[in-house]
Amino acid sequence: TYWSAFKNMYLSGDVARKDSDGYFWIQGREDDVLSVAGHRIGTAEVESALVSYEGVAEAAVVGRPDEIKGEEIAAFVILKDNFKPTPELKDTLKYHVRVEIGPVATPKYISFVDDLPKTRSGKIMRRVIKAKVKGKDVGDTSTLANPEAVDELDRAL
């Protein structure tokens, strides 16, 4: 499967972008998608749009169940030091994503957090965030570098 998509090339399934300096930034898995009103939206796309805003340091996006649309987009955002979480900034970020990607990709929920659950190598543990959003058990968190970030999600929801 991984060798069949492109001739003599391996498809890793990761989404990346190349910046103006020629560096590659791995953004996430191409199969990590949300289904919002029948549209498939990559979480990496929405996260990338959020972090392209000058005040956003990091972002994690997950789907939140919705009876009508299937899923709504829930974003957890870490701001840079000189930015303060306000309702106006939430609206600004929603508009920014809307302009960058389109109306269907606009997050319905934005929560400002100080930290996100990460592995020791710095990978955001979306599995933990998804479980919290859905009100389920987060499972084994022994591999987290910052288990206190799970409590942060509780405060944000």
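Our subject is the structure that appears above.
Residues numbered from 1 in each chain as written. Predicted model: local features only at pLDDT ≥ 70, side-chain atom pairs only at ≥ 80, totals over all residues. Heavy atoms only, no water.

(A) Expanded view of the overall build of the protein chain. A count of helical and extended segments in the protein chain gives 4 helices and 7 strands. Going from the N terminus to the C terminus, the protein chain shows its helices and strands as β-β-β-β-α-β-β-α-β-α-α. The principal-axis extents of the C-alpha atoms in the protein chain amount to approximately 50 × 40 × 40 Å. For the protein chain, buried positions account for 40% of its 157 residues. Put simply, of all contacts in the protein chain between residues at least 6 apart along the chain, 50% involve residues at least 24 apart. Summed over all atoms, the accessible surface of the protein chain reaches about 9600 Å², with 49% contributed by carbon and sulfur. The protein chain carries 23 positive and 26 negative side-chain charges, and their two centres are separated by 3 Å. (Helix = DSSP H or I, 4+ residues; strand = E, 2+ residues; numbered from the N terminus. Buried < 20%, exposed > 50% of the residue type's maximum accessible area, 1.4 Å probe, protein only. Contact = heavy atoms within 4.5 Å. Areas by Shrake-Rupley, 256 points an atom, 1.4 Å probe, with all protein chains shown as cover. Lys, Arg positive; Asp, Glu negative; His and termini not counted. Charge placed at Lys NZ, Arg CZ, Asp CG, Glu CD.)

(B) The arrangement of helix 3 (residues 126-133) in detail. The buried count for helix 3 comes to 6 of 8 residues, which makes it a mostly enclosed element. Taken residue by residue, helix 3 has Arg126, Val128, Ile129, Ala131, Lys132 and Val133 as its buried positions. Lining the buried residues of helix 3 we find helix 1 (43-51), strand 5 (56-66), strand 6 (70-79) and helix 4 (148-156). Positive backbone phi, at 70°, marks Gly135, one or two positions downstream of helix 3.

(C) Structural context of the pattern of salt bridges. Within the structure shown, the criterion is met by 5 salt bridges. The salt bridge involving Glu58 is made with Lys118; its shortest N-O contact spans 2.8 Å. Residue Glu58 is found in strand 5, and its partner Lys118 is found in the loop between strand 7 (109-112) and helix 3; the two are separated by 60 residues along the sequence. Across the salt bridge formed by Lys69 and Glu72, the nearest N and O atoms sit 3.6 Å from each other. (Salt bridge = Lys/Arg side-chain N within 4 Å of Asp/Glu carboxyl O.)

(D) Quick peek at unusual backbone geometry. One non-glycine residue, Asn8, lies in positive phi territory at about 55°. Within the secondary structure, Asn8 sits in the segment before strand 1 (14-18). We classify Asn8 as exposed; its relative accessible area is 68%. If you check the backbone angles, Ala37 has positive phi at about 50° while not being a glycine.

(E) Region of the structure containing the packing of aromatic side chains. On inspection of all chains with the given rule, the structure shows 2 aromatic pairs. Pairing Tyr53 with Phe83 gives two aromatic rings, centres 6.4 Å apart and planes at 70°, and the pair type is edge-to-face. Pair noted here: Tyr53 is in the loop between helix 1 and strand 5 and Phe83 is in the loop between strand 6 and helix 2 (87-100), with a separation of 30 residues, a long-range link. The residue whose ring lies beneath Arg64 is Tyr109, and the NZ or CZ to ring-centre distance is 4.1 Å. (Phe/Tyr/Trp six-rings, centres within 6.5 Å; stacked < 30°, edge-to-face > 60°. Lys NZ or Arg CZ within 6 Å of the ring centre and 35° of its normal.)

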